[in-house]
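# Per-entry structural report
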Amino acid sequence: MMRVYQLARRLNLSTGNLLKLLTSLGIEAKSSLSGLSPKEVRQLEKSILKKRKPSPKAKKLLLRTPIVTLLGHVDHGKTTLLDAVRQTSVAKEEVGGITQKIGASEVEFQGEKIVFIDTPGHEAFTAMRAHGAQVTDIAVLVIAADDGVMPQTVEAIDHARAAKVPIVVAINKIDKSEANPDRVKRQLNKYDLTPEEWGGKTICVEVSALTKQGLDELLEMILLEAEMLELASDSDGDFRAVVIEGEMDRQKGPCSTLLIQNGTLKIGDILVGGSSFGKVRALINWKGKKLKEAGPSTPVRVLGLSDIGTPGGIFRKAESERKARQLAQATKKEEREKGLVKRELITLESLYQEQVKEKKALNAILKTDTQGSLRALTDVLNNLEDEEVKINMVHGAIGEVNKSDILLAAASKGIVISFNVGTVSESLTLAKDERVDIRSYQVIYEMIDDIKKSMQGLLEPQYEEVEIGEAEVRDTFRIPKVGVVAGSYITAGKVVRGSKAKVFRGDEMVGEGMVSGLKRFDKDVSEVLTGLECGVNVEGFNEIRKGDLIRVYEARRVR
Ligand code: GDP
């Protein structure tokens, strides 16, 4: 039973204000919303949201179906739960139509839809993100009530957080006699996922994928969470779809499952995505039914494309097949020229260019050998905080560097720091493919030293002026529209156009400005070396005289 304070928290209202609103809607409520079914609570919530703020974008944009991925530790029941949920939406007559899984399924509950991504697990979830797209709106974290929070549960939490995806917890296997849901809730507390009934914000639902107990409530809560997210899309807008999975079918040729994010896809439309393109020949939904068109949040298997798409790849529409082919070929060529390098390698050193513009944070995944070293290193990294940059610990855990660490680093544009632990060999290969830098240390001071250095690279660049040349003014000329040009003789170094100049008369500096003009005879040149004569124009300084000394400087970055 939902309590008033819970609803108030969900709606970001004070309990008092919510009670007032409820009264204005003709509902008497004190502490609980007893007598209301979950559906009625949801409708109530909807009407309150409407009353509170008429969303300006509501006119053009439609609320769209939420996309959900199940995450969690192995064997905690993700696959079983997904199957159970799918079954709730399949009528007996339809069973025969489902001959193969297409990578995502649409479940209908109380007249509303929810799309589930078929491949559960945070690896697939983050791999997609690493390859360019995020499709998941809500993560359902599956935790077995008899096992509790396990290492991959923690990974899943961090992966969802890194993707900024809200988490709904499904405490599974409550049919088991060893089930202890309260223990799970206590554990969740530690990971900042305090359950609602304990005064936190996390929705926790107790379920059994086996007996199907609690499934309705889980779907209910997913819809509730989705409503709060106000997921919008524009069915008339620019078309955009993400590849969920692709496979080669012996008879049908390349098949790709696209999840439509915006716009509507129809048979006969021309699509292009990466190096794949083509005219849509058929659209098939997850139940094996042929569709004529598909709108936002619909997963559809598309036939007619030249290649299978890569998960995470984006497809758009093209005006003509010719145009689509051209675009696809250009992409192919680009990929070849780049040597199929997908992304720049992020290293401690290169972080500087990558991040300085935006967040000024170094995303790091930390793997260590013991709980003690994990705690100590986390403290050290957090205390390395500079005024301008900080280490953002995306994930920290004990154990070898695994595939999901690499994918998380790739998706977060971060690095992996391993301390006294090895790297699973398949992860090394993946790290190479995904261009992820793994830094290994055995000594804490070395790690600190390295990171400090990279942090210096992350700081705003500082420049110092370094003198690069000197020239004596031998004569001056006034040239219309340009100003005074100093006929000079270079006595040391060089004069470079665009560099900074200071003009000295004896010991006194009389002017400064940029070398805006530099000529050898009548020709514009970019630099002139020692022993040569040239014409120098110092921008904004026309009082230059015979006998002055021009000193030229270059700005060099200080590390
Ligand atoms: P996954 O690795 O997270 O996808 O887990 P699976 O769905 O493969 O489930 C692992 C095992 O737990 C299987 O033997 C399931 O039959 C069992 N299982 C899943 N859900 C439940 C449940 O609610 N109750 C019980 N008793 N067993 C379950």
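See the structure above.
Just so we're clear, the structure is a prediction, and the values are computed from it rather than from any experiment.

## Brief notes about the overall build of the protein chain
- Counting secondary structure elements, the protein chain contains 14 helices and 29 strands.
- Taking all 559 residues of the protein chain together, 48% fall into the buried category.
- Within the protein chain, residue pairs in contact and separated by at least 24 positions form 72% of the contacts whose partners lie at least 6 positions apart.
- Just so you have it, the protein chain exposes about 28100 Å², and 48% of that area is on carbon and sulfur atoms.

## Considerations on the layout of surface pockets
- The space that makes up the second largest pocket amounts to roughly 860 Å³.
- Lining the second largest pocket are 34 residues, and of these V154, Y191, H395, G396 and A397 sit closest to its centre.
- With seven residues, the top contributor of residues to the lining of the second largest pocket is helix α6 (residues 151-162).
- Here the lining of the second largest pocket gathers at least three residues from each of two domains, domain 2 (67-229) and domain 4 (351-461).

## Considering the packing of aromatic side chains
- In total, this model carries zero aromatic pairs according to the counting rule given.
- Over the ring of Y553 we find K502; its NZ or CZ atom is 4.8 Å from the centre of that ring.
- Here R551 stacks its cationic end above the ring of F504, 4.8 Å away from the centre of that ring.

## Some details on the sheet that holds strand β20 (residues 415-419)
- One open sheet accounts for four strands, arranged β19-β18-β20-β21; its pairing is parallel. Edge positions in the sheet fall to β19 (390-398) and β21 (438-441), since each of these pairs with one other strand and no more. Taking each pair of neighbouring strands and ignoring which way they run, the sheet shows an average axis angle of 25°.
- Of the pairings in the sheet, the one linking β20 to β21 comprises four bridges and is parallel in character. Among the inter-strand pairings, F419 is bridged to a residue of β21, identified as Y441.

## Here's the deal with the side chain of E227
- Within the secondary structure, E227 is located in helix α8 (residues 215-229).
- Setting aside chain neighbours within four positions, we find E227 in contact with R42, E45, K46 and L49.

## Concerning the site of the ligand
- Surrounding the ligand, one finds 15 residues, the nearest of these being D75, K78, T79, T80 and D175.
- Within the side chain of T80, one N or O atom sits 2.5 Å away from an oxygen atom of the ligand.
- At 2.8 Å from an oxygen atom of the ligand is found a main-chain nitrogen or oxygen belonging to A209.
- The fraction of the free accessible surface of the ligand (570 Å²) that becomes covered by protein chains is 74%.
- Considering every element that reaches the shell around the ligand, the biggest residue donor is helix α4 (residues 78-87), with three residues.
- Looking at the shell around the ligand residue by residue, the class counts come to three nonpolar, seven polar and five charged.

## Some remarks on the nonpolar core
- If you look at the biggest cluster of nonpolar residues, it comprises 28 residues, and the most contacted ones within it are V68, L70, L81, F116, V140, L218 and I222.
- Among the elements of the structure, β2 (67-72), α4, β3 (104-109), β4 (112-117), β5 (138-144), β6 (167-172) and α8 are those that each provide at least two residues to this core.
- Top element by residues in this core is α8. It accounts for eight residues.
- For L70, the contacting residues outside a window of four places in its chain are K78, L81, L82, F116, P120, G121, V140 and V142.

## Concerning the pattern of salt bridges
- Counting across every chain of the model gives 24 salt bridges.
- Residue R505 is joined to D548 by a salt bridge in which the shortest nitrogen-to-oxygen separation is 2.8 Å. Note that R505 is positioned in strand β24 (residues 500-505) and D548 in the loop between β28 (533-538) and β29 (549-558), a separation of 43 residues in sequence.
- With relative accessibility at 1%, the residue D548 sits in the buried group.
- When salt bridges that share partners are traced, they join D83, R86, K101 and D118 into one network.

## Considerations on a nonpolar patch on the surface
- A cluster of nonpolar side chains, namely F477, I479 and V482, defines an oily patch on the protein surface of about 250 Å² accessible area.
- Positionally, I479 belongs in strand β22 (residues 462-479).

## A closer look at the environment of I174
- The topology assignment puts I174 in the loop between β6 and α7 (181-190).
- We classify I174 as buried; its relative accessible area is 17%.
- Those residues in contact with I174, other than ones at most four positions away along the chain, are A145, A179, P181, E206, V207, S208 and Q213.

## As for the pairing of strand β17 (residues 314-317)
- Alignment of strand β9 (residues 240-249) against β17, held across two bridges, turns out to be antiparallel. Bridge pairing in β17 links A241 to F315.
- Alignment of strand β12 (residues 270-273) against β17, held across two bridges, turns out to be antiparallel. Its bridge partner being in β17, V272 is matched across the sheet by R316.

## Points about unusual backbone geometry
- The phi angle at S297 is positive, at roughly 70°, despite the residue not being glycine.
- Inspection of the secondary structure puts S297 in the loop between β15 (293-294) and β16 (299-305).
- The exposure class of S297 is buried, given its relative accessible area of 2%.
- Unlike most non-glycine residues, F521 shows phi in positive territory, near 50°.

## As for the packing of helix α5 (residues 122-130) against helix α12 (residues 403-411)
- In contact at an axis separation of 8 Å, α5 and α12 are set at 30° when each is read in the N-to-C sense. In this view, α5 runs roughly parallel relative to α12, as classed from their interaxial angle. In this structure, α5 crosses over α12, and the sense of that crossing is left-handed. On the side of α5, the interface is formed by H122, E123, T126, A127, R129 and A130, while α12 contributes K403, S404, L407, L408, A410 and A411.
- Classifying every residue of the contact of α5 with α12 gives six nonpolar, three polar and three charged.

Reading the values: the criteria
- Residues numbered from 1 in each chain as written.
- Predicted model: local features only at pLDDT ≥ 70, side-chain atom pairs only at ≥ 80, totals over all residues.
- Heavy atoms only, no water.
- Helix = DSSP H or I, 4+ residues; strand = E, 2+ residues; numbered from the N terminus.
- Buried < 20%, exposed > 50% of the residue type's maximum accessible area, 1.4 Å probe, protein only.
- Contact = heavy atoms within 4.5 Å.
- Areas by Shrake-Rupley, 256 points an atom, 1.4 Å probe, with all protein chains shown as cover.
- 1 Å grid on protein atoms, 1.4 Å probe; cavity = no way out; pocket = protein on both sides within 12 Å on 5 of 7 lines; lining within 4 Å.
- Points joined across faces, edges and corners; volume = space filled by probe spheres on them.
- Domains from an automatic or database assignment.
- Phe/Tyr/Trp six-rings, centres within 6.5 Å; stacked < 30°, edge-to-face > 60°.
- Lys NZ or Arg CZ within 6 Å of the ring centre and 35° of its normal.
- Pairing = 2+ DSSP bridges.
- Axes fitted to C-alpha atoms, helices over the stretch in contact; angles between N-to-C directions.
- Near = heavy atom within 4 Å.
- Polar contact = N/O pair within 3.5 Å; in protein donor to acceptor, adjacent residues only side chain to side chain.
- Nonpolar A, V, L, I, M, F, W, Y, C, P; charged D, E, K, R; others polar.
- Core = buried A, V, L, I, M, F, W, Y, C linked by side-chain atoms within 4.5 Å.
- Salt bridge = Lys/Arg side-chain N within 4 Å of Asp/Glu carboxyl O.
- Patch = residues over 30% accessible without salt bridge, like charges linked within 9 Å, V, L, I, M, F, W, Y side chains within 5 Å.
- Parallel < 35°, antiparallel > 145°, perpendicular 65-115°, else oblique.
- Left-handed = near helix turned anticlockwise from the far one by under 90°.

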